[in-house]
Amino acid sequence: QVQLVESGGGLVQAGGSLRLSCAASGRSFSGYVMGWFRRAPGKEREFVAGIKWRSGESTVDADSVKGRFTISRDNAKNTVYLQMNSLKPEDTAVYYCAARTYYGLGPPPRYEYNYWGQGTQVTVSS
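What comes next is a walk through the structure. (Residues numbered from 1 in each chain as written. Predicted model: local features only at pLDDT ≥ 70, side-chain atom pairs only at ≥ 80, totals over all residues. Heavy atoms only, no water.)

Let us look at the state of the cysteines. Taken as a whole, this structure holds 1 disulfide when the rule is applied. A sulfur-sulfur separation of 2.0 Å characterises the disulfide bridge that pairs Cys 22 with Cys 97. On the sign convention where negative is left-handed, the bridge of Cys 22 and Cys 97, at about -75° about the S-S bond, is left-handed. With Cys 22 in strand E3 (residues 18-25) and Cys 97 in strand E9 (residues 93-101), this pair connects stretches of sequence that are 75 residues apart. Take Cys 22 and Cys 97: they sit in the same class, and that class is buried. (Disulfide = S-S within 2.5 Å. Helix = DSSP H or I, 4+ residues; strand = E, 2+ residues; numbered from the N terminus. Buried < 20%, exposed > 50% of the residue type's maximum accessible area, 1.4 Å probe, protein only.)

This paragraph deals with the sheet that holds strand E1 (residues 3-7). Spatial ordering of the open sheet is given by E1-E3-E8-E7, a layout of 4 strands whose pairing is antiparallel. At either end of the open sheet lies a strand with only one pairing partner, and these are E1 and strand E7 (69-74). The average angle at which neighbouring strand axes cross in this sheet is 15°, direction not considered. Bridging between E1 and E3 involves 5 bridges; their strand directions are antiparallel. (Pairing = 2+ DSSP bridges. Axes fitted to C-alpha atoms, helices over the stretch in contact; angles between N-to-C directions.)

So, in structure tokens, the structure goes:
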């Protein structure tokens, strides 16, 4: 069974950094894309970034985090990371790791993810 387990969340001051990890297990993820989503209080879930497992092609989709967040993966560890720098209070959210199959040539999509982790809380203080 596919299992996605996030870690690395916590409390950080504005301007600081965190690295979130998503440990993926249960199958080979070749042909999958891995995504990071977040849900801030009172807001709908937002696609943040995605990466193709096999090629490493990635995208940081949200305008609010471009230039500050980076997604990467370590094939040997079956782990996906979200490096978050220059954090702002508005980045406060529960961050979720997700996965879906994808064989297209375009960048990782922002929709139709069907495997989800439990989420990890990120709180950025002002």
